Amino acid sequence: METTRRTIIKSASVAGSVAVVGSSAVLTSACTSAESDDSQAEPGPAASLSSSEVPVGSGTVVDDTYVVTQPKEGEFHAFSSVCTHQGCQVRNVTETEIVCPCHSSMFSTTTGEVLGGPATEPLPEYSVSESSGELTISGT
Ligand code: FES
């Protein structure tokens with residue numbers, strides 16, 4: 001089995017755009033603004049993983065940061081893996097639902113929208129792109 005190549009950049013306090021190329025990551029710019037807009041997700045860290053790590057009709061949690069789903073073959077989505085109810089890690093992913101084990105909130109695998117409470121806010125979505133079997137997740 002191919003060795004998993006995964007690059008994680010965590011930038012909790014520095015917002016910026018991040019490019020991930022192969023197994024190395026390069027910061028391309030740094031945001032100089034400290035403006036905050038609670039209506040938008042904070043720019044997140046970036047990660048890459050092999051598309052083979054994400055089962056069709058399910059998904060996988062990446063480093064307790066993202067949940068990457070593949071509801072249909074070749075269709076990938078990425079969301080925060082932190083439940084918007086009380087912050088547990090979502091764990092169980094089916095073709096249509098991402099389920100939080102703490103209080104059973106359910107989120108859509110394609111939009112992150114709440115399908116069942118107690119959570120009322122969707123999972124923040126991240127961009128995910130696929131190239132040559134490699135998925136790249138980037139902040140919004
Ligand atoms: S923390 Fe996820 S449902 Fe409560």
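Scroll up to find the structure this text is about.
Below: a short report on this structure.

Parameters at a glance
Residues numbered from 1 in each chain as written. Predicted model: local features only at pLDDT ≥ 70, side-chain atom pairs only at ≥ 80, totals over all residues. Heavy atoms only, no water. Helix = DSSP H or I, 4+ residues; strand = E, 2+ residues; numbered from the N terminus. Polar contact = N/O pair within 3.5 Å; in protein donor to acceptor, adjacent residues only side chain to side chain. Contact = heavy atoms within 4.5 Å. Pairing = 2+ DSSP bridges. Buried < 20%, exposed > 50% of the residue type's maximum accessible area, 1.4 Å probe, protein only.

**Structural notes on the side chain of Ser-50**
With respect to the helices and strands, the residue Ser-50 is situated in strand S4 (residues 46-50). Of the polar contacts made by the side chain of Ser-50, one reaches the side chain of Ser-52; its length is 2.8 Å. Ser-50 has contacts with Gly-133 and Glu-134, leaving out every residue within four places of it along the chain.

**Quick notes on the sheet that holds strand S10 (residues 106-108)**
With antiparallel pairing, the four strands of this open sheet are ordered in space as S8-S9-S10-S11. Strands with a single pairing partner mark the edges of an open sheet, and in this sheet they are strand S8 (92-93) and strand S11 (114-116). Of the pairings in the sheet, the one linking S8 to strand S9 (residues 97-99) comprises two bridges and is antiparallel in character. By the bridge assignment, Asn-92 is partnered in S9 with Val-99.

**Things to note about the pairing of S4**
Successive residues of a regular strand alternate their side chains across the two faces of the sheet. The buried fraction of S4 amounts to five of the five residues, a majority that puts the element mostly inside the structure. Alternating residues of S4 divide into Ala-46, Ser-48 and Ser-50 and Ala-47 and Leu-49, and every residue in both groups is buried. Across four bridges, the pairing between S4 and strand S13 (residues 134-138) is antiparallel. Bridging across to S13, Leu-49 finds its partner in Leu-135.

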